[in-house]
Structures are given as C-alpha cells and as structure tokens.
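Here are the chains, one letter per residue:
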Amino acid sequence: MNDLSELMASRRSVRAYADRPVDEVLVRALLADAVAAPSPSNAQPWRFLVVTSRERIAAMASAVREATARIASHVTPEGRAAFVAYGDYFVRFEAAPVVIVAIHRGRRVLGHLVDDALPGDDRARIEAMERDSALAATAMAVQNLLLSAHARGLGASPMTGPMVAADQLLGLLGVPAGWGIAAVVPVGWPAEHPSPTARKPLDAVVTWLR
Ligand SMILES: Cc1cc2nc3c(=O)[nH]c(=O)nc-3n(C[C@H](O)[C@H](O)[C@H](O)COP(=O)(O)O)c2cc1C
C-alpha cells in the first residue's frame with residue numbers, strides 16, 4: 001500500500017520527451033493496465049487510439065493551434081496573452097513518440113427502458129447519468145494508464161486542452177459518430193523531471209457528514 005501511495009504521489013505530468021521510441025510491448029502493457037479500471041455494469045465504454053505517425057500527430061497539433069488562435073481572437077485584449085500562454089499547453093503532446101487518445105461512448109441502456117410518460121427532468125438526468133458514467137469510467141482508465149506509465153519509468157500527461165479542436169481531432173482520427181474524446185495522453189521517455197505539485201490541504205476539499 002505504501003508503494004501504491006508513493007507511486008500516486010510521485011507521478012507528475014511530463015510534457016517533454018526524449019527522442020527515443022517506446023516499444024509497442026510497453027504500450028500494450030499500459031493499455032492492459034488501463035482497461036483494468038472499473039466501469040458501469042462492466043460496459044467498458046472506452047476505446048484507445050494509439051497514434052505514432054508523426055504526420056498525424058502534427059496534423060492534430062495544427063488543428064489545436066488553429067482552434068486556439070480562433071478562440072484567442074475573441075478573448076478580451078487584456079486576457080489574450082494569458083490565453084495564448086495557456087493554449088501553449090494544449091499542444092504539448094506534439095513531440096511525444098506515442099499519443100494515446102482515450103474516447104468514450106455513453107450507451108442508453110436505462111434511457112431506453114423508460115416509457116414516454118417519464119417527466120423530462122428525470123429523462124434528462126438518466127441520460128446525463130449514462131453519458132457521464134462513460135466519461136468517468138474512461139477517466140479512471142486514463143489514471144490507471146498514467147500510473148502504469150510512471151511505474152515503468154515513462155512520462156505521460158492527461159490533456160483535455162486539445163479538445164478545443166475536438167471535432168477536427170475526431171475527424172483526423174476517424175472516430176465513428178457517438179464517441180467523444182475523454183483525454184489526449186502523450187507518452188514517452190521523460191526529458192524532464194517536474195518538481196512536485198502542491199495539493200490543497202485535505203480539510204479544504206473534504207466534508208464529513210456524520
Ligand atoms: C482533466 C485534465 C486535463 C488536463 N489538461 C492538460 C492540458 O491540456 N495540457 C497540459 O499540459 N496539462 C494538462 N493537464 C495536466 C495538469 O496541468 C496537471 O495534472 C496539474 O498541473 C498537476 O500537475 P501533476 O499532474 O504533475 O501533479 C490536465 C490534467 C487533467 C486531470
């Protein structure tokens with residue numbers, strides 16, 4: 001248990017990678033750990049796209065840059081520099097040898113079982129619950145993947161910033177309709193060792209209702 005806590009505490013988001021390939025056997029091991037995650041009714045509502053083509057990764061980064069620039073042109077002049085600096089973090093997957101895109105799909109199982117008389121609020125909540133559950137499960141799988149990468153000496157980072165260009169990315173990746181991106185996860189041998197990041201004190205984020 002101490003080892004697991006130590007692993008979780010020492011994981012960092014790594015955004016700079018050595019010019020060294022990651023063996024496919026290792027990538028498969030990360031994905032095997034990812035899919036050990038729990039999911040609603042064990043539906044495993046995730047898929048993982050493993051992108052290693054430099055051209056495709058560059059095209060993804062271009063789409064994200066274009067979307068960021070488009071949005072930046074509508075940010076107030078005072079906020080623009082900060083937004084552009086922030087947007088720089090949306091393309092930090094660009095230099096990674098492997099980019100894993102985790103996608104999710106919420107299936108309407110319960111939503112299909114209810115009759116037409118169910119009030120709209122309840123219907124909306126059931127649909128949101130099923131959709132959000134798929135995203136939550138996929139996020140859990142991504143965390144498994146991040147910890148697995150860290151345990152193996154690899155560097156990785158979860159990224160949702162690239163989703164400013166979600167539609168373009170889905171097209172570039174050939175994702176079928178109905179699936180959404182949960183996270184873009186660059187993976188590589190670390191070329192940086194980021195300092196520890198602070199966490200809010202537990203008492204600031206936990207409420208006990210005894
Ligand atoms: C849902 C989510 C989205 C994130 N999106 C990005 C991103 O787009 N670009 C990026 O560089 N880092 C991204 N991060 C990494 C965070 O910046 C990082 O987790 C946070 O600063 C804490 O640092 P640590 O992971 O090293 O502890 C994201 C993290 C999460 C959980």
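Criteria and cut-off values
Residues numbered from 1 in each chain as written. Predicted model: local features only at pLDDT ≥ 70, side-chain atom pairs only at ≥ 80, totals over all residues. Heavy atoms only, no water. 1 Å grid on protein atoms, 1.4 Å probe; cavity = no way out; pocket = protein on both sides within 12 Å on 5 of 7 lines; lining within 4 Å. Points joined across faces, edges and corners; volume = space filled by probe spheres on them. Helix = DSSP H or I, 4+ residues; strand = E, 2+ residues; numbered from the N terminus. Nonpolar A, V, L, I, M, F, W, Y, C, P; charged D, E, K, R; others polar. Near = heavy atom within 4 Å. Polar contact = N/O pair within 3.5 Å; in protein donor to acceptor, adjacent residues only side chain to side chain. Buried < 20%, exposed > 50% of the residue type's maximum accessible area, 1.4 Å probe, protein only. Axes fitted to C-alpha atoms, helices over the stretch in contact; angles between N-to-C directions. Parallel < 35°, antiparallel > 145°, perpendicular 65-115°, else oblique. Left-handed = near helix turned anticlockwise from the far one by under 90°. Contact = heavy atoms within 4.5 Å. Pairing = 2+ DSSP bridges.

Caption draft 1: Spotlight on the layout of surface pockets. By volume, the largest pocket is sized at about 290 Å³. If you go around the largest pocket, you meet 16 residues; those closest to its centre are Pro-40, Ala-43, Arg-107, Val-109 and Glu-130. Residue contributions to the lining of the largest pocket peak at 4 residues, all from helix H6 (residues 120-151). In terms of residue class, the lining of the largest pocket is built from 8 nonpolar, 4 polar and 4 charged.

Caption draft 2: The arrangement of the site of the ligand in detail. Taken together, 13 residues lie near the ligand, and Arg-12, Ser-13, Arg-15, Tyr-89 and Thr-197 sit nearest. Between Ser-13 and the ligand, the recorded distance is 2.7 Å, taken from a side-chain N or O atom to an oxygen atom. Between the ligand and Thr-160 there is a distance of 3.1 Å, counted from a nitrogen atom to a backbone nitrogen or oxygen. Here the residues of the shell around the ligand are counted per class, giving 4 nonpolar, 5 polar and 4 charged.

Caption draft 3: Looking closely at unusual backbone geometry. The residue Ser-41 is not glycine, and still its phi comes out positive at about 50 degrees. On the secondary structure map, Ser-41 appears in the loop between helix H2 (24-34) and strand S1 (46-51). The class of Ser-41 is exposed, set by a relative accessible area of 78%. Of note, Asn-42 is a non-glycine position whose phi angle comes to about 55 degrees, a positive value. Topologically, Asn-42 is positioned in the loop between H2 and S1.

Caption draft 4: Local environment of the packing of H2 against H6. Viewed as axis vectors pointing N to C, H2 and H6 meet at an angle of 140 degrees, and their least axial separation amounts to 7 Å. With respect to H6, the element H2 is oriented oblique. Considering only the axes of H2 and H6, their crossing is right-handed. Residue-level contacts link Ala-29, Leu-30, Leu-31, Asp-33 and Ala-34 of H2 to Ala-141, Asn-144, Leu-145, Ser-148 and Ala-149 of H6.

Caption draft 5: The pairing of strand S4 (residues 180-188), seen in detail. Burial of S4 is extensive: 9 of the 9 residues sit out of reach of the surface. Where strand S2 (residues 98-104) meets S4, 7 bridges bridge the pair, whose relative direction is antiparallel. Residue pairing across strands places Ile-103 opposite Ile-181, the latter belonging to S4.

Caption draft 6: A look at the sheet that holds S1. With antiparallel pairing, the 4 strands of this open sheet are ordered in space as S1-S2-S4-S3. Where the open sheet ends on each side, the last strands, each with one partner, are S1 and strand S3 (155-156). Bridge count between S3 and S4: 2 bridges; the pairing is antiparallel. When the sheet's bridge partners are listed, Gly-155 is paired in S4 with Gly-188. Taken strand by strand, H2 contacts S1, S2 and S4, and its axis lies near 165 degrees from that of S1.

Caption draft 7: Quick look at the environment of Ser-133. Inspection of the secondary structure assignment puts Ser-133 in helix H6. Its relative accessible area of 21% is what places Ser-133 among the partly exposed residues. For Ser-133 and Gln-44, which are 89 residues apart along the polypeptide, the C-alpha to C-alpha distance reads 10 Å.

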